[in-house]
Amino acid sequence: LIEAAPELFLPPGQTRAVSENVDLKLAGRDGGRKKVLFVLGGPGSGKGTQCAKIVTEHPFAHLSVGELLRVEMARPGSKHGRVISAKMKEGELVDIAIVIDIVVG
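Residues numbered from 1 in each chain as written. Predicted model: local features only at pLDDT ≥ 70, side-chain atom pairs only at ≥ 80, totals over all residues. Heavy atoms only, no water.

Trainee: Give a description of the nonpolar core that names residues and reports values.
Mentor: By size, the foremost hydrophobic cluster in this structure holds eight residues: Val65, Leu69, Ile84, Val94, Ile98, Val99, Ile102 and Val103. Broken down by element, this core gets its largest block of residues, four residues, from helix H4 (residues 96-104). (Core = buried A, V, L, I, M, F, W, Y, C linked by side-chain atoms within 4.5 Å. Buried < 20%, exposed > 50% of the residue type's maximum accessible area, 1.4 Å probe, protein only. Helix = DSSP H or I, 4+ residues; strand = E, 2+ residues; numbered from the N terminus.)

Here you go:
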């Protein structure tokens, strides 16, 4: 499960995402592809709450994009830390290429 604000994956004005448009090329240790489920919603909409419930009953790992960005920003020697910090201070979205690099990396 990847929890994120919908604006991260949707162009302005688009109201829903098509999963085929986001290909993270995630592979498991066995080399097989893994399913990625995006849980999208605005701040305080319950994404984290729903993800916590889902992982107790289904074989998913829960990744919060916001938490991943905060960890990357605080990590010494981070190649994206300064950009993430600047974007967050300005209230802007972090570039999707950076988010994917962090999630896949």
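Next comes the rest of the write-up.
Trainee: Let's hear about the packing of helix H2 (residues 65-74) against H4: which residues, and what values?
Mentor: The geometry of H2 relative to H4 is characterised by a closest axis approach of 10 Å and an angle of 85° between their N-to-C directions. Judged by the inter-axis angle, H2 sits roughly perpendicular to H4. Contacts between H2 and H4 involve Val65, Leu68, Leu69 and Glu72 from the former and Val99, Ile102 and Val103 from the latter. A breakdown of the residues in the contact of H2 with H4 according to their chemical character gives six nonpolar, no polar and one charged. (Axes fitted to C-alpha atoms, helices over the stretch in contact; angles between N-to-C directions. Parallel < 35°, antiparallel > 145°, perpendicular 65-115°, else oblique. Contact = heavy atoms within 4.5 Å. Nonpolar A, V, L, I, M, F, W, Y, C, P; charged D, E, K, R; others polar.)

Trainee: Please give an account of the side chain of histidine 80 that cites residues and values.
Mentor: Position of histidine 80 relative to the elements: it lies in the loop between H2 and helix H3 (81-90). Setting aside residues no more than four positions away along its own chain, histidine 80 makes contact with Glu72, Ile98, Asp101 and Ile102.

Trainee: Tell me about the environment of valine 99, and please be specific about residues and values.
Mentor: Inspection of the secondary structure assignment puts valine 99 in helix H4. Each C-alpha atom, one on valine 99 and one on glycine 66, is 9.6 Å from the other, the two residues being 33 residues apart in sequence.

Trainee: Summarise the environment of isoleucine 102; cite the residues concerned and give the values.
Mentor: Examined against the element boundaries, isoleucine 102 turns out to sit in helix H4. Residue classification places isoleucine 102 among the buried residues on the basis of a relative accessible area of 16%. Separated by 31 residues in the primary sequence, isoleucine 102 and valine 71 place their C-alpha atoms 10.0 Å from one another. Beyond its immediate sequence surroundings of up to four residues, isoleucine 102 is in contact with Leu68, Leu69, Glu72, His80 and Ile84.

So yeah, pure geometry; function would need other evidence.
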